[in-house]
Amino acid sequence: MTQLTRLQLQAFRNAEQINCQLCSGLNLFIGDNAAGKTSLIEAIWLLATGRSFRSRLIHQLIQHDKTETVIFAELQSHIKPYSNHRIGMQRSAQNMTLRLDGETIRAQSEIAQKLPVQLLTPESHRLLEEGPKARRQFVDWGCFYQFPEFIQWWRQHKRLLKQRNQALKQRLPALQIQLWDTQLVETSLQIDQLRRRYVETLTPLIETYCQALMPELEQTLGCHYRPGWPKSADSLAQLMQANLNKDLQLGHTQYGAHRADIRFRFGNYEALQTLSRGQQKLFVCALMLAQAQLHQQVTHEPAIMLIDDLPAELDLLHREKLMELLDNLQIQHLVTSTAQSLIPIINPENSQIWQLKKGKLNAL
Ligand SMILES: Nc1ncnc2c1ncn2[C@@H]1O[C@H](COP(=O)(O)OP(=O)(O)O)[C@@H](O)[C@H]1O
Ligand SMILES: [Mg+2]
């Protein structure tokens, strides 16, 4: 299994220096408000994805009065051939350096490939509330790990789209704008095919985890994937051609893989309308667990689950259920909470509890 064996932080938010060895099961971080729990989760997410989930501005992540922050992790895979990796990120206001096994690398995706992490925070229900972007990212997370060709198509689509949108903004002649259409149709169709396949295999697993976490739900779940253009269209190529004037008005390309979405319904209702806040959180848990299981089945390298403030919105019964499911999946999970008593420990032999105080970490 993939496992973080060591984590080191330097000058990351309120943590001047953290250095810990992690176990392969539950790593529970306990601390009062402002102890640095979310920061620790944020650091791992940043290392894995290159993004923070709470600030866009890098200088906010660097400890006040410091000029740079360093996040370093050691990773172990238990699948033959056994492999260990050392991953590092150093960031200052101007620069970012990424290191993998002693070499400087350029692409964040090389790190992401080695370090598949999933994230659950008290804000995760926003996946259901907000625009399609987060849901697209959810689907693309799976496609990225499952289909090696996905990233190339995705990158190519992004590049072509940027060029077409620039041409639209500059109001270039129609022929020059449409220069990009054939390729954009191709990348859209390729991406669509992979997303569709992914959603198809994922859906039964989402159902299973919904059942496990919310047996009380009677209506059947529907996962409705939308490619980014109307089904009724004869072809995407025609649609793009017919909508050129509208695209020119808007200054961007309305149809294509960049507009994909996935919507979730229970019976006839959108998940957001029919589920309580707690159930929304459980539903997002079900999505993550389903992804984690599928990831494991396909890649044989389990993902790592980061859960910030697990008790938020979840009652004891559901906390227990969730912890059991994580334990069954045998994936490493890093969980934060304000109190230890709120987290049921399912497998004490494979758990490590930590106390965080003002950015300092101690094993309990
Ligand atoms: N760049 C920074 N330098 C120093 N301290 C920071 C920085 N950014 C945030 N903090 C502080 O770090 C503390 C930890 O925040 P957080 O990780 O959200 O704690 P928790 O999740 O445990 O409530 C807060 O008191 C915050 O003010
Ligand atoms: Mg927090």
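Computed from a predicted structure; not experimentally measured.

A. Structural context of the overall build of the protein chain. When helices and strands are counted, the protein chain shows 13 helices and 15 strands. Considering only intrachain contacts with a sequence separation of at least 6, the fraction spanning at least 24 residues in the protein chain is 71%. Of the roughly 17,700 Å² that the protein chain leaves accessible, carbon and sulfur atoms contribute 48%. For the protein chain, the distance from the average position of its 40 positive side-chain charges to the average position of its 34 negative side-chain charges is 7 Å.

B. Highlighting the packing of helix α5 (residues 132-146) against helix α6 (residues 150-169). In the contact formed by α5 and α6, the axes pass within 8 Å of each other and the chain directions differ by 130°. Between α5 and α6, the crossing angle belongs to the class labelled oblique. Only Phe-150, Ile-151 and Trp-154 of α6 make contact with α5, whose side of the interface consists of Asp-140, Cys-143 and Phe-144. Its residues assigned to classes, the contact of α5 with α6 shows 5 nonpolar, no polar and 1 charged.

C. Molecular detail of the sheet that holds strand β14 (residues 351-357). With mixed pairing, the 6 strands of this open sheet are ordered in space as β8-β12-β13-β3-β14-β15. Looking at strand neighbours, the two that pair on one side only are β8 (117-120) and β15 (360-363), the edges of this open sheet. Sheet twist, expressed as the average angle between the axes of neighbouring strands with direction ignored, equals 20°. As defined by bridge partners, strand β12 (residues 304-307) adjoins strand β13 (residues 333-337) across 3 bridges and the pair is classed as parallel.

D. Spatial organisation of empty space enclosed by the protein. Following the criterion strictly, the structure yields 1 cavity of 30 Å³ or more and no others. Looking at the largest cavity, its volume works out to about 30 Å³. If you trace the largest cavity, you find it lined by Leu-9, Phe-12, Asn-14, Ala-15, Ile-18, Ala-35, Gly-36, Ser-39, Leu-40, Leu-356 and Gly-359. Those elements giving two or more residues to the lining of the largest cavity turn out to be β1 (2-12), β2 (15-21) and α1 (37-49).

E. Geometry of the packing of aromatic side chains. Taken as a whole, this structure holds 5 aromatic pairs when the rule is applied. Pairing Phe-29 with Trp-354 gives two aromatic rings, centres 6.1 Å apart and planes at 10°, and the pair type is stacked. One end of the pair, Phe-29, is in strand β3 (residues 26-30); the other, Trp-354, is in strand β14, and 325 residues separate them in sequence. Considering the side-chain rings of Phe-264 and Phe-283, the 5.1 Å spacing of their centres and the 70° angle between planes classify their relative orientation as edge-to-face. Pair noted here: Phe-264 is in strand β10 (residues 261-266) and Phe-283 is in helix α12 (residues 277-299), with a separation of 19 residues, a long-range link. Take Phe-264: its relative accessible area is 3%, and that puts it in the buried class. Put simply, the rings of Trp-141, Phe-144 and Tyr-145 pair up and form one aromatic cluster.

Definitions and cut-offs
Residues numbered from 1 in each chain as written. Chains lettered and ligands numbered in written order. Predicted model: local features only at pLDDT ≥ 70, side-chain atom pairs only at ≥ 80, totals over all residues. Heavy atoms only, no water. Helix = DSSP H or I, 4+ residues; strand = E, 2+ residues; numbered from the N terminus. Contact = heavy atoms within 4.5 Å. Areas by Shrake-Rupley, 256 points an atom, 1.4 Å probe, with all protein chains shown as cover. Lys, Arg positive; Asp, Glu negative; His and termini not counted. Charge placed at Lys NZ, Arg CZ, Asp CG, Glu CD. Axes fitted to C-alpha atoms, helices over the stretch in contact; angles between N-to-C directions. Parallel < 35°, antiparallel > 145°, perpendicular 65-115°, else oblique. Nonpolar A, V, L, I, M, F, W, Y, C, P; charged D, E, K, R; others polar. Pairing = 2+ DSSP bridges. 1 Å grid on protein atoms, 1.4 Å probe; cavity = no way out; pocket = protein on both sides within 12 Å on 5 of 7 lines; lining within 4 Å. Points joined across faces, edges and corners; volume = space filled by probe spheres on them. Phe/Tyr/Trp six-rings, centres within 6.5 Å; stacked < 30°, edge-to-face > 60°. Buried < 20%, exposed > 50% of the residue type's maximum accessible area, 1.4 Å probe, protein only.

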